[in-house]
Amino acid sequence: MHLEVENIHHPQIKNMNLTVTDISYKAPHLHPEIELVLVLKGTPSFNIDGTLIQFTQKSIVLINTNELHEIISEDQPSTLLSLHILPEYFEGYFPQMKFIRFHENKLTSKNNHLFIYTFCKLLKTYVSQEPYYQIHCSSLINIMIYDILENCAYYEMHGNKLRTNTKRNQQLSEIIFYIEKHYAEKITLTDLSEYLNLSPSYLSHFIQDNLHRSFSEFLTYTRYINAKSLLMKGELTLTDICYNCGFSSYRYMNNAFKKYSHYTPNEFKKKMSSRLVPSNQKGTVVNYPPEQMLSLITQFMVDNNLNEFEI
């Protein structure tokens, strides 16, 4: 599992993508896309820039561009419909979208039923790929974004504030990259400060302010989530996992697991052994293929009376 700057592909329509996933855990990550998430099943928690928010079925989550977030649903996998859309998608007719940042991550529309219907209809249109589906998708996205702009508080980021935010994101990306690349080694704050050519004092405060953990806590957390990934694959002994992930002793790995999962490594291994959601380098995530996305969203719409006659 990686703490990462996520690269999202846009295979069908430029600057946007839709996915349906089952998630037990997705490690802290950020991306330049705005992300809208509809919870189709489950009660996931999102850790967004250090604030933990619980969501339920039919909740809508709004993630700003380059907003650090982590998804946690380990008791039971949650099924999420996600729209990732770059601000460039709106460049030809609403270029100020790239400057907008929303205050709230939990979205509430004046007509929530209609918004959810539109989101589901968007996925069906995207997957079905009937003639002119790109135009139909654009119209549905514009309805959703118009609703958000009308009903959600936001501010625009320009000038020095925008430059400062861009610099912050670049530094944050470099810190995450360095720690992810070297977490298995014995590294210190001084090593990182020399790599970035920044003072240890500045870097220490920057990490605390933006990652909401000290450098040592963040390094330990990175080692822990990578150890979890190896543990769930079941290919290595606990001792091998310990040293492959940079822990100086099994005791330190044991303490990390107790702190972050409330289980020992061995207890966690037994707990997860019956799970069907496989682990990969980004967390415990399963992506639905198009035909399953269509089937799932159709059933979701039937179960929740989401049809044009009920809107």
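Before reading on, note that the structure itself is shown above.
First, a word on what this report is: a plain description of the structure on this page. Here the structure is a predicted model, which means the values were calculated and not measured.

### Comments concerning helix H8 (residues 250–261)
The terminal C-alpha atoms of H8 lie 16 Å apart, and with twelve residues this matches the ideal 16 Å at 1.5 Å per residue to within 8%. For H8, every residue scored as buried is listed here: Met253, Asn254, Ala256, Phe257 and Ser261. With its buried residues spanning 160° around the axis, H8 presents them on a single face.

### What about the packing of helix H3 (residues 159–182) against helix H6 (residues 215–233)?
Their axes nearest at 10 Å, the elements H3 and H6 cross at an angle of 55°. Judged by the angle between their axes, H3 and H6 are oblique. The two elements H3 and H6 cross, and the hand of that crossing is right-handed. On H6, the residues touching Ile176, Ile179 and Glu180 of H3 are Phe215, Phe218, Leu219, Thr222 and Asn226. The residue makeup of the contact of H3 with H6, split by class, is five nonpolar, two polar and one charged.

### Some remarks on unusual backbone geometry
Outside of glycine, negative phi angles account for most residues, and trans bonds account for most peptide bonds. The backbone of Asp49 shows a phi angle near 50°, a positive value even though the residue is not glycine. One non-glycine residue, His212, lies in positive phi territory at about 60°. Relative to the assigned elements, His212 resides in the loop between helix H5 (200–211) and H6.

### Regarding the packing of aromatic side chains
For the structure shown, the criterion picks out eleven aromatic pairs. Centroid distance Tyr178 to Tyr195: 4.7 Å. Interplanar angle 35°. Geometry classified as tilted. Here Tyr178 is found in helix H3, whereas its partner Tyr195 is found in helix H4 (residues 189–196), with 17 residues between them in sequence. Here Tyr221 and Tyr260 contribute two aromatic rings whose centre-to-centre distance is 4.8 Å and whose plane-to-plane angle is 70°, an arrangement assigned as edge-to-face. Here the residue Tyr221 occupies a position in helix H6, and Tyr260 occupies one in helix H8, the gap between them amounting to 39 residues. For Tyr221, a relative accessible area of 4% corresponds to the buried category. Connected via pairs of aromatic rings, a cluster forms that spans Tyr221, Tyr224, Phe257, Tyr260 and Phe268. Positioned above the aromatic ring of Tyr221, the side-chain terminus of Arg213 is 3.8 Å from the ring centre. Here Lys228 stacks its cationic end above the ring of Tyr25, 4.2 Å away from the centre of that ring.

### Examining the nonpolar core
Core analysis: the biggest nonpolar cluster contains 43 residues, and Leu36, Leu83 and Phe119 have the highest contact counts within it. At the level of elements, strand E2 (16–30), strand E3 (34–41), strand E6 (60–63), strand E8 (78–85), strand E9 (100–102), helix H1 (112–128), helix H2 (133–151) and helix H10 (290–303) are the ones that each hand at least two residues to this core. With nine residues, H1 is the single largest residue contributor to this core. If near-sequence neighbours (up to four positions away) are discounted, Phe119 is found in contact with Leu18, Leu36, Val37, Leu38, Leu81, Leu83 and Met144. Formed by 35 residues, the second largest nonpolar core is a distinct cluster that contains Ile175, Phe218, Tyr221 and Ile241.

### Some remarks on H1
An α-helix turns once every 3.6 residues. As a result, residues three or four positions apart point the same way. Taking 1.5 Å per residue as the helical rise, H1 with its 17 residues ought to reach 24 Å, and the 24 Å between its terminal C-alpha atoms agrees with that figure. Taken as a whole, H1 has its buried residues at Phe115, Ile116, Tyr117, Thr118, Phe119, Cys120, Leu122, Leu123, Thr125, Tyr126 and Val127. Where H1 ends, the next residue or the one after it, Gln129, has phi of about 55°, a positive value.

### Some thoughts on the pairing of E2
Within E2, 14 of the 15 residues are buried, leaving the element largely enclosed by the surrounding structure. Sheet topology note: the E2/E8 ladder contains eight bridges and is antiparallel. Of the residues in E8, the one forming a bridge with Val20 is Leu81. Pairing geometry for E2 and strand E7 (residues 69–72), over three bridges, is antiparallel. Bridging from a neighbouring strand, Lys26 pairs with Ile71 of E7.

### Concerning the packing of H1 against H10
Where H1 contacts H10, the axes come no closer than 10 Å and their chain directions differ by 150°. What the angle tells us is that H1 and H10 run roughly antiparallel. Viewed along their axes, H1 and H10 form a crossing whose handedness is left-handed. Here Ile116, Tyr117, Cys120, Leu123, Lys124, Val127 and Ser128 of H1 come into contact with H10, specifically with Pro290, Met293, Leu294, Ile297, Thr298, Phe300 and Met301.

Conventions we followed
- Residues numbered from 1 in each chain as written.
- Predicted model: local features only at pLDDT ≥ 70, side-chain atom pairs only at ≥ 80, totals over all residues.
- Heavy atoms only, no water.
- Helix = DSSP H or I, 4+ residues; strand = E, 2+ residues; numbered from the N terminus.
- Expected span 1.5 Å × (residues − 1).
- Buried < 20%, exposed > 50% of the residue type's maximum accessible area, 1.4 Å probe, protein only.
- Arc of directions from axis to C-beta.
- Axes fitted to C-alpha atoms, helices over the stretch in contact; angles between N-to-C directions.
- Parallel < 35°, antiparallel > 145°, perpendicular 65-115°, else oblique.
- Left-handed = near helix turned anticlockwise from the far one by under 90°.
- Contact = heavy atoms within 4.5 Å.
- Nonpolar A, V, L, I, M, F, W, Y, C, P; charged D, E, K, R; others polar.
- Phe/Tyr/Trp six-rings, centres within 6.5 Å; stacked < 30°, edge-to-face > 60°.
- Lys NZ or Arg CZ within 6 Å of the ring centre and 35° of its normal.
- Core = buried A, V, L, I, M, F, W, Y, C linked by side-chain atoms within 4.5 Å.
- Pairing = 2+ DSSP bridges.

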